[in-house]
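Residues per chain, in single letters:
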Number of protein chains: 2
Amino acid sequence: MVLTKGELSGLERRYRANLINSIGGFKSLVLVGTKSREGKENLSLFSSLVHIGADPALCGLIVRPNTEGQNTLGNILRTGVYTINQVHAEFIEKAHQTSAKYPEGVSEFEAVGLTPDYVEGVAAPFVKESIIKFACELVQHIPIELNQTHFIIGKITHMMVPDALVGPDGFIDLESAGTLTCSGLDSYHATTSVIRLPYAKP
Amino acid sequence: MVLTKGELSGLERRYRANLINSIGGFKSLVLVGTKSREGKENLSLFSSLVHIGADPALCGLIVRPNTEGQNTLGNILRTGVYTINQVHAEFIEKAHQTSAKYPEGVSEFEAVGLTPDYVEGVAAPFVKESIIKFACELVQHIPIELNQTHFIIGKITHMMVPDALVGPDGFIDLESAGTLTCSGLDSYHATTSVIRLPYAKP
């Protein structure tokens, strides 16, 4: 199919959401852990993480405005701290279930059966079941007026990865960790290595 | 390993780049096609595409400043148009090779052996070999002062996907297309479907 601008905006809402969410390829799949100022834990699934740079270590996240029971944005803006946890095949159903709109005050950790875990110096909860994870401090908040989403830039402050998965060059073997990727709104995929290529020269 | 802020900034440059590029999970892998005002074609590999919203259809891209032979940013800012093309296993070596720093004036299409392709109404070149692709018009440019990169927000104006890959709900079967994902700086992966899950309810 070939669709142009007018045709795109005329599509049925859910159909367009699936199509536009698929067109960019496979996406990073992570659980973002936060805590409110009152100490309530929140956990939410995201496919909008993007690498910004390695020095300083920065990443970006597109976040929707708070809605009932979805407090990721508010918690990040108020506390300045969040964790990012890779999702592995063993707990994909639980990770997906965090997308449900639970009533205010319900912790997604409890509701779906994942375990909050803390390390010294990080106020937000990690996901114990995730074996590759990191913490960020908020360094820039950019509201995107075009659709009322928010671009959250974080600086990585802590990283946790099993030694056995880190190569001599710093490359992390995500495949052996069973880390998943996603496509569209609700499709989850495991990976198989195709190739690693040397630094490209003309 | 557990690394905290001070330890992270003390890591050897290339090691840190591999580590930080791996920590966020698998990433979208796309070729971005642009054209200079003078008509010179440019093609470059990115792993920093992020979905922003489906209505309007918006996506974001982290782009580095122009360097010799890498004119993606300048071309997008000057012409306001670019194409995004998924990368399939059949041409992964060619896609990777577009990262090489070719001298000014060399088209990466020619240098690596990919074919520029045009459709009516889009001034930038698509990659003929890519079977899932779309065009964007620049709608917002956000310089990121923290590390001199740029966040480019585009509105999708054209989409091209083979009919056979689009499901009745608009979901695109990227796996059957042979679309790859990447991890770290140079590792490419095929995928295997694990599960599709229904809309989550409490």
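Residues numbered from 1 in each chain as written. Chains lettered and ligands numbered in written order. Predicted model: local features only at pLDDT ≥ 70, side-chain atom pairs only at ≥ 80, totals over all residues. Heavy atoms only, no water.

- As recorded by an unreviewed UniProt entry, chain A carries the name Flavin reductase family protein and is attributed to Flavihumibacter fluminis.
- Database annotation for chain A, UniProt heading Sequence similarities (unreviewed entry): "Belongs to the flavoredoxin family."
- In its Cofactor (unreviewed entry) section, the UniProt record describing chain A reads: "FMN". (UniProt positions renumbered as here; feature names shortened; annotations may be inferred.)

### Considerations on the overall build of chain A
No. 1: Secondary structure assignment for chain A yields six helices and 12 strands.
No. 2: In terms of overall dimensions, chain A is globule-like: its C-alpha atoms have a radius of gyration of 18 Å, near the 17 Å expected for 202 residues.
No. 3: Taken along its principal axes, the extent of the C-alpha atoms in chain A is 50 × 50 × 30 Å.
No. 4: Counted over contacts in chain A with a minimum sequence separation of 6, partners at least 24 positions apart contribute 61%.
No. 5: Total accessible area on chain A is roughly 7,900 Å²; 52% of this is exposed by carbon and sulfur atoms.
No. 6: Here chain A holds 17 positive side-chain charges and 21 negative ones, and the gap between their average locations is 6 Å. (Helix = DSSP H or I, 4+ residues; strand = E, 2+ residues; numbered from the N terminus. Rg over C-alpha atoms; globule rule 2.2 N^0.38 Å. Contact = heavy atoms within 4.5 Å. Areas by Shrake-Rupley, 256 points an atom, 1.4 Å probe, with all protein chains shown as cover. Lys, Arg positive; Asp, Glu negative; His and termini not counted. Charge placed at Lys NZ, Arg CZ, Asp CG, Glu CD.)

### A closer look at the interface of chain B and chain A
No. 1: Between chain B and chain A, the residue contacts involve 95 residues of the former and 95 residues of the latter.
No. 2: In terms of surface lost to chain A, no three residues of chain B exceed Ile23, Phe26 and Met159 of chain B, which account for 9% of the buried area on that side.
No. 3: Where chain B touches chain A, the interface holds six salt bridges.
No. 4: Across the pair Lys5 of chain A and Glu137 of chain B runs a salt bridge, and its minimum N-O distance is 3.3 Å.
No. 5: In terms of residue count, the dominant contributor to the side of chain B that touches chain A is strand S13 (residues 187-196) of chain B (10 residues).
No. 6: Each residue belonging to the side of chain B that touches chain A can be placed in one class, and the counts come to 50 nonpolar, 30 polar and 15 charged.
No. 7: Alignment of strand S1 (residues 2-4) of chain A against strand S11 (residues 149-160) of chain B, held across three bridges, turns out to be antiparallel. Counted as the bridge partner of Thr4 of chain A is His158 of chain B from S11 of chain B. (Buried area = accessible area lost by both parts, 1.4 Å probe. Salt bridge = Lys/Arg side-chain N within 4 Å of Asp/Glu carboxyl O. Nonpolar A, V, L, I, M, F, W, Y, C, P; charged D, E, K, R; others polar. Pairing = 2+ DSSP bridges.)

### Structural notes on the sheet that holds strand S11 (residues 181-183) of chain A
No. 1: If you walk across this open sheet you meet the five strands as S11(A)-S12(A)-S13(B)-S12(B)-S2(B), and the pairing is antiparallel. Every other strand in the sheet has two partners, leaving S11 of chain A together with strand S2 (27-28) of chain B as the edge strands with one partner each.
No. 2: Sheet topology places strand S12 (residues 187-196) of chain A next to S13 of chain B; nine bridges connect them, and they run antiparallel. By the bridge assignment, Ser187 of chain A is partnered in S13 of chain B with Arg196 of chain B.

### With respect to the relation of the copies chain B and chain A
No. 1: Least-squares fitting of chain B to chain A yields an RMSD of 0.0 Å, with the transformation described by 0.0 Å of translation along the axis and a rotation of 180°. Each copy turns onto its partner about a two-fold axis. Distance from the rotation axis, computed per C-alpha, reaches its smallest value in chain B at Thr191 of chain B: 2.1 Å.
No. 2: Looking at the interface residues of chain B, 100% of them are also at the interface in chain A, so both copies use one shared face. (Least-squares fit on C-alpha atoms with pLDDT ≥ 70 in both.)

### Some points on the pattern of salt bridges
No. 1: Per the stated rule, a full pass over the model turns up eight salt bridges over all chains.
No. 2: The partner of Asp55 of chain B in a salt bridge is Arg16 of chain A, with the nearest N and O atoms 3.0 Å apart. In this pair, Asp55 of chain B is assigned in the loop between strand S5 (49-54) and strand S6 (57-63) and Arg16 of chain A in helix H2 (residues 13-23), connecting two distinct chains.
No. 3: In this structure Asp55 of chain B comes out as exposed when scored by relative accessible area, which is 54%.
No. 4: Exposure remark for Arg16 of chain A: the relative accessible area of 6% places this residue in the buried category.
No. 5: Three or more residues joined by partner-sharing salt bridges are found here, namely Asp169 and Arg196 of chain A together with Asp186 of chain B. (Buried < 20%, exposed > 50% of the residue type's maximum accessible area, 1.4 Å probe, protein only.)

### Observations regarding the packing of aromatic side chains
No. 1: Per the stated rule, a full pass over the model turns up one aromatic pair over all chains.
No. 2: Both rings, one in Phe151 of chain A and one in Phe151 of chain B, keep their centres 4.0 Å apart while their planes meet at 0°; by these two values the pair is stacked. Of this pair, Phe151 of chain A sits in strand S10 (residues 149-160) while Phe151 of chain B is found in strand S11, placing the two residues in two different chains.
No. 3: Of the residues examined, Phe151 of chain A reaches a relative accessible area of 0% and is grouped as buried.
No. 4: Here the guanidinium or amino end of Arg196 of chain A rests over the ring plane of Phe171 of chain A, the centre of that ring lying 3.9 Å away. (Phe/Tyr/Trp six-rings, centres within 6.5 Å; stacked < 30°, edge-to-face > 60°. Lys NZ or Arg CZ within 6 Å of the ring centre and 35° of its normal.)

### With respect to helix H3 (residues 72-79) of chain B
Residue and element names in this part refer to chain B.
No. 1: Considered for burial, the residues of H3 that qualify are Thr72, Leu73, Gly74, Asn75 and Ile76.
No. 2: Buried residues along H3 sit in contact with strand S3 (30-35), strand S4 (41-46), S6, strand S7 (81-86), strand S10 (133-144) and S11.
No. 3: Count one or two residues on from H3 and you reach Gly80, which has phi positive near 75°.

### Topic: a positive patch on the surface
Residue and element names in this part refer to chain A.
No. 1: A cluster of basic side chains, namely Arg13, Arg14, Arg64 and Lys101, defines a positive patch on the protein surface.
No. 2: Position of Arg14 among the secondary structure elements: in helix H2.
No. 3: Given a relative accessible area of 35%, Arg14 falls into the partly exposed group. (Patch = residues over 30% accessible without salt bridge, like charges linked within 9 Å, V, L, I, M, F, W, Y side chains within 5 Å.)

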